[in-house]
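# Summary of the model geometry
Here's the letter readout for the chains.
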Amino acid sequence: MHYLLFYNVSSDYLERRAEFRAEHLALAWQAQERGELVLGGALADPVDASVLLFKGESDDVAKRFASADPYVKNGLVTSWRVRPWTTVVGEDATSPVRPEA
């Protein structure tokens, strides 16, 4: 199953993230290497949120990531939530649905 982790970030996120970015990215790449994190990044114009796509048996994989993330621990993330995402189209869809021929 896929899970989306949504972050809302603080108004001073861009100014403060450099201090925590290396640790955040290390955590993210470790999750990617374990096959948990598929994609992640900040939304642009404006930079007010981030979205991370996880794959796992439950939403625990995304929740554990958020709980350990230095951006969350240090207040750069003002709130976060995890939503299951039923993916139906694409090579990596977890519930592929094709039209009947």
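Procedures and definitions
- Residues numbered from 1 in each chain as written.
- Predicted model: local features only at pLDDT ≥ 70, side-chain atom pairs only at ≥ 80, totals over all residues.
- Heavy atoms only, no water.
- Helix = DSSP H or I, 4+ residues; strand = E, 2+ residues; numbered from the N terminus.
- Buried < 20%, exposed > 50% of the residue type's maximum accessible area, 1.4 Å probe, protein only.
- Contact = heavy atoms within 4.5 Å.
- Areas by Shrake-Rupley, 256 points an atom, 1.4 Å probe, with all protein chains shown as cover.
- Lys, Arg positive; Asp, Glu negative; His and termini not counted.
- Charge placed at Lys NZ, Arg CZ, Asp CG, Glu CD.
- UniProt positions renumbered as here; feature names shortened; annotations may be inferred.
- Phe/Tyr/Trp six-rings, centres within 6.5 Å; stacked < 30°, edge-to-face > 60°.
- Lys NZ or Arg CZ within 6 Å of the ring centre and 35° of its normal.
- Core = buried A, V, L, I, M, F, W, Y, C linked by side-chain atoms within 4.5 Å.

### Thoughts on the overall build of the protein chain
- Broken down by element type, the protein chain carries four helices and four strands.
- By principal-axis analysis of the C-alpha atoms, the protein chain measures approximately 55 × 30 × 20 Å.
- Out of the 101 residues belonging to the protein chain, those deemed buried represent 33%.
- Counting contacts in the protein chain only where the partners sit at least 6 residues apart, residues at least 24 apart contribute 69% of the total.
- For the protein chain, the exposed area adds up to about 6600 Å²; of that, 51% sits on carbon and sulfur atoms.
- Computing the positive centroid from 11 side-chain charges and the negative centroid from 15, the protein chain places the two 2 Å apart.

### Topic: the UniProt feature "domain: YCII-related" (unreviewed entry) in the protein chain
- Mapped onto this numbering, the UniProt entry annotates "domain: YCII-related" (unreviewed entry) at residues 1-86.
- In residues 1-86, helix accounts for 38% and strand for 35%; the two terminal C-alpha atoms are 7 Å from one another.

### So, the packing of aromatic side chains
- Under the counting rule described, the total for this entry stands at two aromatic pairs.
- Geometrically, the ring pair formed by Tyr13 and Tyr71 is edge-to-face, given 5.7 Å between the ring centres and 90° between the ring planes. Here Tyr13 is found in helix H1 (residues 13-16), whereas its partner Tyr71 is found in helix H4 (residues 70-73), with 58 residues between them in sequence.
- Given the relative accessible area of 3%, Tyr71 is considered buried.
- Relative to Phe65, the ring of Phe54 has its centre 5.4 Å away and its plane inclined at 55°; by these criteria the two rings are tilted. Within this pair, whereas Phe54 is found in strand S3 (residues 49-55), its partner Phe65 is found in helix H3 (residues 60-68), the two being separated by 11 residues in sequence. No difference in accessibility class separates Phe54 from Phe65, as the two residues are buried.
- Its end group placed over the ring of Phe6, Arg81 keeps NZ or CZ at 4.4 Å from the ring centre.

### Structural notes on the nonpolar core
- Residues Leu5, Tyr7, Leu37, Leu52, Phe54, Phe65 and Tyr71 are the most contacted members of the largest nonpolar core, which totals 20 residues.
- When residues of this core are traced back to their parent elements, those giving at least two are strand S1 (2-9), helix H2 (18-33), S3, H3 and strand S4 (77-85).
- Ignoring any residue separated from it by four or fewer positions in sequence, one finds Leu52 in contact with Tyr3, Leu4, Leu5, Tyr7, Leu37, Leu39, Gly40 and Phe65.

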